[in-house]
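A structural walkthrough
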Amino acid sequence: MVQQATNASVLSLRVLRVAHEARMSHGLRHKDYQMYRQYCSRRIRRLRKRFDIRQGEKKFRKRELQPTAIKDEKLLVLPLLMAERYWAYAMQLKEESMQDPRKKFALRNKLRKAATYCVNFEKIVEACGKCDARTQLEVQGYSAWLQGTVLFELAEWTQQWDAPIVFFNKAIAIYSKLSEAVTEEEAGIIKGLVAEVEVQLRYCRHHLGDKAATSSLLAMTDDSALGEKLNVLVSQAREKQAATLSEVSWRGRTLTVKQEKVRLFLLKESESSGVLGRARHGDRFNQLDKLLMECKDAIAIVREDLNLDPSFKTRQAANTGPVSSGHFLYSYLCYLRLRLTLARHMALLAQYSAIIAGKASAPKGSKVPRDQDVVRLCDFSIQNLNEMCQLAGLEDDLELKQENDTKIAYFKALRCYHVAESYAKQEKWAEALTLYKRSEQRIAEAKALPNLNESDAASLDALSEQLAGMSVSVKAQALLPSPSTTPQPSPAHSIKKPLSERMDEYVEDQCLLNHTNPRVLPMPPSLSPVPCKPLFFDLALSHVTYPSLEHRLPAPEEPSPAQQKAAQQPGGLSGLVKGLWGWGSKK
């Protein structure tokens, strides 16, 4: 990071690497500008305290860093962090201004402060005369980049788009020379910075009227250097084109497009072929989904207008009759929806087929596709192609019907092959062999059609080569005798048994390994019959006469005369009351 040359009087600072490592380690890896700004403030405070450049303890007293005071390499980090702190503060306010527009005023002030400290940093390095050539070159490149970035952000208000170009060109020239004499890691950092600056430079030239820069920006799908500016630029360009798009021609008819959202969708759909061709699999699916959602919105808008037309519902129910211009536009949008859905199914078919064949791996977090999934996609595709020919105004279109019949034949051949594959994996050899032969017939019928495109023909040729080997393999499996007529228990069935009933089989049971509800014995245990224990009945007990024991009992005592007299006197109500509450008792 900070290096000292062999000569003790020469100072060296790797500006770009120091700034990059500080950003990645303190928040900017996750776009947390506030965290990075607070780190810069803490680091500046520590440096000022260490080199005794504090700006007062109780009362603020500004102390600038003088070039004559630069005697240590770490002092060069101080002006760099000052510029970085105000730049990070400006980027933080830029994000917050989306919610609170008044913070844009503070944003401009922080940007100007960042440019001021950056120029001051460059002047200090030049005036001290102790820095080596590479340090001076890096500081000049960093200063040109930051000043250009500040002017680029301020150009939204000043409209001076030519001002950042001078600094961006200077930064690109310096870093291009510097990349030839640095390590591989630093060259990667410089390459990323130069790519970001080139995009910003292209955006400035677009505002100055460069059509080549505009077309290259519109070709981009996403770029972190511009962020929301790229989306705004694309939407503005499409709005300008949509203003001129008032008619569209399809199937020999010219249709008037009045709704603005419908115009924007038609422009996006016309540009989607080139964008989808360059996109990756995940991005392609996302873009197709966005187009489908916008297509559904456009269909809903046109349908609301057509509901006021009494002939719309009548023609929708019938298969013959004239079709108005608005109704035919509705059919065109429905056709585009079906075609986009078919394109999405085709992309999924290619992905699923590659995964099933072992040429690709399934994405993380998603289930592995099976032949049944491919069959289902083929069914959906055939249904979409049949619906195209049933749209209002397309019932008598023979050209469209021939194109769709060719595609239907292709999907039927593909569907038949994957149904045969699913039967073969279930070891149903007779059904699989029959379906393989049927697939060969379907492929021959599809190849005989005149409108088959080259990609589908190549896919069918590859499919027929696989069929030649698969049919022979399945035929051999069907003719071979089965190793055992008794069905073998599956591992899943064996796992359901407790351990005591499958001691002669080895099956990995996870519940035994994890000690969670292990199946060792059946609980509750099953009942089993046991021999009854003999019972003994004492029948002689009722016929036994026991001797009398009255002579052993004690003789009863005779009562005293007083007790006899008290027993003979009857007790009345007064006696009962006296007994209860103790009245009349003698004490």
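Residues numbered from 1 in each chain as written. Predicted model: local features only at pLDDT ≥ 70, side-chain atom pairs only at ≥ 80, totals over all residues. Heavy atoms only, no water.

1. Details of the overall build of the protein
The helix and strand tally for the protein stands at 21 helices and four strands. When the 587 residues of the protein are sorted by exposure, 36% land in the buried category. A separation threshold of at least 6 residues defines the contact pool for the protein, and within that pool the share at least 24 residues apart is 62%. (Helix = DSSP H or I, 4+ residues; strand = E, 2+ residues; numbered from the N terminus. Buried < 20%, exposed > 50% of the residue type's maximum accessible area, 1.4 Å probe, protein only. Contact = heavy atoms within 4.5 Å.)

2. Considerations on empty space enclosed by the protein
Evaluation of the coordinates by the stated rule reveals one cavity of 30 Å³ or more. There is about 60 Å³ of room inside the largest cavity. As for the largest cavity, its lining consists of Arg14, Val15, Leu16, Arg17, Arg134, Glu138, Leu178, Val182, Glu186, Ile189 and Ile190. Of the residues contributing to the lining of the largest cavity, the split by class is six nonpolar, no polar and five charged. (1 Å grid on protein atoms, 1.4 Å probe; cavity = no way out; pocket = protein on both sides within 12 Å on 5 of 7 lines; lining within 4 Å. Points joined across faces, edges and corners; volume = space filled by probe spheres on them. Nonpolar A, V, L, I, M, F, W, Y, C, P; charged D, E, K, R; others polar.)

3. Points about the packing of helix H5 (residues 133-158) against helix H6 (residues 163-178)
One way to put it is that H5 packs onto H6 with a least axis distance of 8 Å and a crossing angle of 150 degrees. In terms of their interaxial angle, H5 and H6 are classed as roughly antiparallel. In the packing of H5 onto H6, the handedness of the crossing is left-handed. When the residues that make up the contact of H5 with H6 are grouped by side-chain class, the tally is 14 nonpolar, five polar and three charged. (Axes fitted to C-alpha atoms, helices over the stretch in contact; angles between N-to-C directions. Parallel < 35°, antiparallel > 145°, perpendicular 65-115°, else oblique. Left-handed = near helix turned anticlockwise from the far one by under 90°.)

4. Focus on the nonpolar core
Ranked by internal contacts, the top residues of the largest apolar core, which has 66 residues, are Tyr36, Ile70, Trp87, Tyr142, Trp145 and Tyr175. Going through the elements one at a time, strand S2 (11-13), helix H1 (15-25), helix H2 (33-50), helix H3 (77-96), helix H4 (103-128), H5, H6 and helix H7 (184-207) are the ones with two or more residues in this core. Top element by residues in this core is H3. It accounts for 12 residues. Among the nonpolar cores identified, the runner-up in size contains 65 residues, and Phe312, Val323, Leu338 and Ala424 belong to it. (Core = buried A, V, L, I, M, F, W, Y, C linked by side-chain atoms within 4.5 Å.)

5. Notes on the packing of aromatic side chains
Here a ring pair, both rings aromatic, is described through the centre-centre distance and the interplanar angle of the planes. Summed over the entire model, instances satisfying the criterion amount to 15 aromatic pairs. Between tyrosine 142 and tryptophan 145 the ring centres are 5.9 Å apart and the planes differ by 40 degrees, which places this aromatic pair in the tilted class. Remark: tryptophan 145 and tyrosine 142 occur in helix H5; sequence separation between them is three residues, near one turn of the helix. Note on accessibility: tyrosine 142 and tryptophan 145 belong to one class, buried. Seen from their ring centres, tryptophan 250 and tyrosine 335 are 5.1 Å apart, and the 40 degrees between their planes marks the pair as tilted. (Phe/Tyr/Trp six-rings, centres within 6.5 Å; stacked < 30°, edge-to-face > 60°.)

6. Some points on the pairing of strand S4 (residues 253-256)
For strand S3 (residues 247-250) and S4, the ladder comprises four bridges, and the chain directions are antiparallel. Counted as the bridge partner of glutamate 247 is threonine 256 from S4. Remark: two residues form the turn of the hairpin made by S3 and S4, two consecutive strands paired antiparallel; arginine 251 in that turn has positive phi of roughly 55 degrees. (Pairing = 2+ DSSP bridges.)

7. Quick notes on the environment of asparagine 404
The residue asparagine 404 is located in helix H15 (residues 398-425) in this model. Note: C-alpha distance between asparagine 404 and methionine 388 (16 residues apart in sequence) is 8.2 Å. With residues up to four places along the chain from it excluded, the contact list for asparagine 404 reads Leu385, Met388 and Cys389.

8. Observations concerning the pattern of salt bridges
Summed over the entire model, instances satisfying the criterion amount to 17 salt bridges. The partner of lysine 447 in a salt bridge is aspartate 461, and the shortest N-O contact between them spans 2.5 Å. Of this pair, lysine 447 sits in helix H16 (residues 429-448) while aspartate 461 sits in helix H17 (residues 454-479), placing them 14 residues apart in sequence. On the basis of relative accessible area, lysine 447 is assigned to the partly exposed category, the value being 37%. In the salt-bridge network here, residues are joined through shared partners; they are Arg17, Arg134, Glu138 and Glu186. (Salt bridge = Lys/Arg side-chain N within 4 Å of Asp/Glu carboxyl O.)

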